Amino acid sequence: MNDIKERIAAELTAVRDRSLTYTEAEDDLLLRQHSPLMSPLVWDLAHVGNYEELWVLREAAGITPLRPEIDDIYDAFKHPRKDRPTLPILGPDEARTYIGGVRGRVLDVLDAIDLEAAAPLHRDGFVFGLVIQHEHQHDETMLATWQLSRSPGLVRDGDLPPGRATGPAEVYVPAGPFQMGTATLPWAYDNERPAHRVELPAYWIDRLPVGNAAYAAFIESGGYDDQRWWHPAGWRWRQESGAVAPLFWTREGDTWWRTRFGRTEPVPMDEPVQHVSWYEADAYARWAGRRLPTEAEWEKACGWDPAAGRARKYPWGDEDPRPDLANLGHRAARPAPLGAYPAGASAYGAEQMVGDVWEWTGSWFQPYPGFRSFPYKEYSEVFFGQEYRVLRGGSWAADPAAVRTTFRNWDYPIRRQIFTGFRCARDAERA
Ligand code: AVJ
Ligand code: FE
């Protein structure tokens, strides 16, 4: 096997180990629905195998379906998450057997496939990148399910670097063009393409994500009860939901506590805030006299290298993520303290843009000019419009294989079970 094939095989093994670890639990925990927002964990497990069968075995290799009768159950578009517990889903053992059988054949296909072939699904191992990233994204979803279940199983206490209290609050990004999206990253999704030139006026963007201390100050100042700060739809959400703090926060006397994977602990004031909706992020920004960055502002501050006139794959350059550069891959089940990654800074000096928390942007999930759906409309295209807000950067729960400066995630503005925070921006005064 050549280098690319070895790398693909290693990534396939790593992501499967991850999925199996996240589903090492009693059957009841795997079959139960912990929240109407989420699938039973064992649905995710069999779904990633079914997706892998569909794309690698059937579409790329033309192999006859192994279990065509289960396709319907694992079609995310046919059955919304809230209905999935009523489906005749495979039990945990049956699901493991099924996905293991798929995987064995996938490794045979990998062995035989020509990665230089003209077929776009084969070229550079695209179809393998598709299923590897898909499985990692579901693994992150499974972590959110675990967090909602309040079961302690997946808490991890890996070391994270200490925070750093020094440094400017904001970084300046001068006016000028940059390249948004990518033309060269072989495993990029259709929604990251095509690369295109975007001209932005000058702006300031926070050097770091908004921290729990700053967010608590917003709460203390009565921010949740002051309609001035809220988007009209956000105010309605605030009234209907009764939200008074980030999800998983509770208050006792003068102390804020949070429950993280079944453990209740004081809110660490030096960590980025997480589990806030877009509406909360937007309200905080208005209270602070700021706004959320647009998606383009976020990407330029994160990935553009003005001296070289090119886009970087990660804020610090093109080298793969390391533990001293970013908090990715579920090393510890939390964001790192603010300022923990000076070596991971972008060319403009913005830090913690990749890892720690997904960051809400002010933009709707929309296609780039010249977008073409590939390989299927239901990955991105059906979500474009004014329903979903874009999230950037990846969280502590995201794997490096599914994170880069051009990667786009999206969700409804009311969602907060995902590992999401934000940073603020503002226009630069015109000279
Ligand atoms: C890109 C994270 C919004 O989980 O709904 C999973 C990824 N697409 N299976 C999602 C996805 C198909 C998607 N997000
Ligand atoms: Fe999926």
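Just so it is clear, the model here is predicted, and its values are computed rather than measured.

Colleague: What should I look at first to understand the UniProt feature "binding site: Fe cation" (unreviewed entry) in the chain in this one?
Modeller: According to UniProt, the "binding site: Fe cation" (unreviewed entry) feature falls on His47, His134 and His138. In summary, the annotated positions, though distributed over 92 residues, converge in three dimensions, the widest C-alpha pair being only 10.0 Å. Structurally, the position occupied by histidine 47 is in helix H3 (residues 41-60). Overall, histidine 47 belongs to the buried group, its relative accessible area being 7%. In this structure histidine 47 touches Tyr74, His134 and His138, once residues within four positions along its chain are discounted. Its place among the elements puts histidine 134 in helix H5 (residues 126-149). For histidine 134, a relative accessible area of 7% gives the class buried. Ignoring any residue separated from it by four or fewer positions in sequence, one finds histidine 134 in contact with His47, Val48, Tyr51 and Tyr189. Side-chain polar atoms of histidine 134 contact the side chain of histidine 47, separated by 3.1 Å.

Colleague: In this structure, what is going on with the domain arrangement of the chain? I would like to understand it.
Modeller: Accessible area lost upon the coming together of the parts serves often as the stated size of an interface. Domain assignment breaks the chain into domain 1 (2-149) and domain 2 (153-431). Distance from the C-alpha centre of domain 1 to the C-alpha centre of domain 2: 27 Å. On the side of domain 2, 33 residues touch domain 1, which itself brings 30 residues to the contact. Note on domain 1 versus domain 2: buried area summed over both sides is about 2,800 Å², and carbon and sulfur give 67% of it. Across the contact surface, domain 1 and domain 2 share zero salt bridges. Here domain 1 is connected to domain 2 by 14 residue pairs in polar contact (both at pLDDT 80 or more). Within the residue set of the side of domain 1 that touches domain 2, elements represented by two or more residues are helix H1 (3-22), H3 and H5. For the side of domain 1 that touches domain 2, the element with the most residues is H5, which contributes 14 residues. Taken together, the residues that form the side of domain 1 that touches domain 2 break down as 16 nonpolar, eight polar and six charged.

Colleague: Any chance you could explain the coordination of the iron ion (ligand 2) here in plain terms?
Modeller: Six octahedral donors around a metal ideally make angles of 90 or 180 degrees; four tetrahedral donors ideally make 109.5 degrees. For the iron ion (ligand 2), the full set of protein donor atoms is His47 (NE2), His134 (NE2) and His138 (NE2), and the range of their distances to it is 2.1 to 2.2 Å. Counting residues between consecutive donors of the iron ion (ligand 2) along the chain gives the motif H-x86-H-x3-H. Of the two residues, histidine 47 sits in helix H3 while histidine 134 sits in helix H5, which places them 87 residues apart along the sequence.

Colleague: Explain helix H4 (residues 92-112) here, please?
Modeller: Since the α-helix packs 3.6 residues into each turn, any two residues three or four apart lie on the same face. Taking 1.5 Å per residue as the helical rise, H4 with its 21 residues ought to reach 30 Å, and the 31 Å between its terminal C-alpha atoms agrees with that figure. For H4, every residue scored as buried is listed here: Pro92, Ala95, Tyr98, Ile99, Val102, Arg103, Val106, Val109 and Leu110. Summarising the axial view, the buried residues of H4 lie within an arc of 135°, below the 170-degree limit, and thus occupy one face. Away from the buried face of H4 by more than 90 degrees, exposed residues Asp93, Thr97, Asp108, Asp111 and Ala112 are located. The inward-facing, buried residues of H4 abut H1, helix H2 (27-31), H3 and H5.

Colleague: Even after reading the chapter, I still don't get the pattern of salt bridges, so can you show me in this structure?
Modeller: Side-chain pairs of opposite charge can arise where the charged atoms are in close proximity. Summed over all chains, the structure comprises 40 salt bridges. We note a salt bridge from arginine 197 to glutamate 199, for which the minimum N-O separation is 3.2 Å. In this structure, arginine 197 and glutamate 199 share a single accessibility class: exposed.

Colleague: Would you mind going over the site of ligand 1 with me for this structure?
Modeller: Around ligand 1 lies a shell formed by His134, Gln137, His138, Tyr379, Asn409 and Trp410. At a separation of 3.0 Å, a nitrogen atom of ligand 1 approaches a polar side-chain atom of histidine 134. Its free accessible area being 360 Å², ligand 1 has 76% of it covered by the protein chains. For the shell around ligand 1, the secondary structure elements donating two or more residues are H5 and strand E12 (409-411). In terms of residue count, the dominant contributor to the shell around ligand 1 is H5 (three residues). The residue makeup of the shell around ligand 1, split by class, is two nonpolar, four polar and no charged. For the shell around ligand 1, the domains that each give at least three residues are domain 1 (2-149) and domain 2 (153-431).

What counts and how
Residues numbered from 1 in each chain as written. Chains lettered and ligands numbered in written order. Predicted model: local features only at pLDDT ≥ 70, side-chain atom pairs only at ≥ 80, totals over all residues. Heavy atoms only, no water. UniProt positions renumbered as here; feature names shortened; annotations may be inferred. Helix = DSSP H or I, 4+ residues; strand = E, 2+ residues; numbered from the N terminus. Buried < 20%, exposed > 50% of the residue type's maximum accessible area, 1.4 Å probe, protein only. Contact = heavy atoms within 4.5 Å. Polar contact = N/O pair within 3.5 Å; in protein donor to acceptor, adjacent residues only side chain to side chain. Domains from an automatic or database assignment. Buried area = accessible area lost by both parts, 1.4 Å probe. Salt bridge = Lys/Arg side-chain N within 4 Å of Asp/Glu carboxyl O. Nonpolar A, V, L, I, M, F, W, Y, C, P; charged D, E, K, R; others polar. Donors = N, O, S within 2.8 Å, 3.2 Å for Na, K, Ca; no water. Expected span 1.5 Å × (residues − 1). Arc of directions from axis to C-beta. Near = heavy atom within 4 Å. Areas by Shrake-Rupley, 256 points an atom, 1.4 Å probe, with all protein chains shown as cover.

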